[in-house]
Amino acid sequence: MNIIIKDIEHIREAAREFIEYFHDCFADKNAVKCFAFYAPMGAGKTTFIKAICEELGSEDVITSPTFAIVNEYTLNSQLSTLNFQLIYHFDLYRIKKQEELYDIGADDYFYSGSPCFIEWPEMAESALPDETIKITITPQNDGCRIVSVME
């Protein structure tokens, strides 16, 4: 699966395409919904995750959880038909040891049935569930981004 984000004006369209592609995962209340985003600094991880959260039905202010490590967003129950009410957004850039994830109760988030969008997963790959879906965002010379599922 490849999704092309032509520019910032088309990011919501790309987010809808992402959600449609993973519809079965989002709809299954028992599925682990961890999405690990691999991309260089400035590639648009937070911006794309923000668009996905908004398209899923969150009206919260979506920001990078760089210092908090994890942010929690609530879905507007009137907008959402999904089997979850929360979204978790991680930024693991500052994680230095796997134990730090366990200290914040990461497993509780990962296996909650709510989506977990994880930036900088390289910092804690062995702590992520086996079912984690790995996504790359690759900036192109023309300014667009290619979002791909890693096989």
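Structure report, in brief. If you're wondering where the values come from, they're calculated on a predicted model, not measured in any experiment. (Residues numbered from 1 in each chain as written. Predicted model: local features only at pLDDT ≥ 70, side-chain atom pairs only at ≥ 80, totals over all residues. Heavy atoms only, no water.)

### Comments concerning the sheet that holds strand S7 (residues 145-149)
Definition in use: Following DSSP output, two strands are said to pair if at least two bridges run between them. The helix count covers DSSP runs of H or I at least four residues long, the strand count covers runs of E at least two residues long, and both are numbered beginning at the N terminus. Lines fitted to the C-alpha atoms define the axes, with helices restricted to the stretch that makes contact. Angles between their N-to-C directions range from 0 to 180 degrees. The contact rule is simple, with two residues in contact once any of their heavy atoms fall within 4.5 Å.
Taking strand neighbours across the sheet as the criterion, the seven strands line up as S1-S7-S6-S2-S5-S4-S3 in an open arrangement whose pairing is mixed. Looking at the sheet topology across the chains shown, the edges are occupied by strand S1 (2-5) and strand S3 (70-74). Strand-to-strand, the axes of this sheet are offset by a mean angle of 20°, without reference to chain direction. The pairing of strand S6 (residues 133-139) with S7 spans five bridges and is classified as antiparallel. If you follow Pro139 over to S7, its bridge partner there is Arg145. Of the strands in this sheet, S1, strand S2 (34-38), strand S5 (116-119), S6 and S7 touch helix H1 (residues 11-21), which is tilted by about 165° from S1.

### Here's the deal with helix H3 (residues 45-56)
Inclusion rule: Expected span of a helix: the number of residues minus one, times 1.5 Å. With a 1.4 Å probe rolled over the protein chains alone, any residue whose accessible area is under 20% of its type maximum counts as buried; one over 50% counts as exposed, and the rest are partly exposed.
Taking 1.5 Å per residue as the helical rise, H3 with its 12 residues ought to reach 16 Å, and the 16 Å between its terminal C-alpha atoms agrees with that figure. Considered for burial, the residues of H3 that qualify are Lys45, Phe48, Ile49, Ala51, Ile52, Cys53 and Leu56. Gly57 lies just past H3 and shows a positive phi near 120°.

### Overview of unusual backbone geometry
The backbone of Ile69 sits at a positive phi, close to 75°, despite the residue not being glycine. Looking at where Ile69 falls in the secondary structure, it is placed in the loop between H3 and S3. Ile69 gets classed as buried once you look at its relative accessible area, which sits at 13%. Positive phi outside glycine occurs at Trp120, with the angle close to 55°. Looking at the secondary structure, you find Trp120 in the loop between S5 and S6. The class for Trp120 is buried, based on a relative accessible area of 13%.

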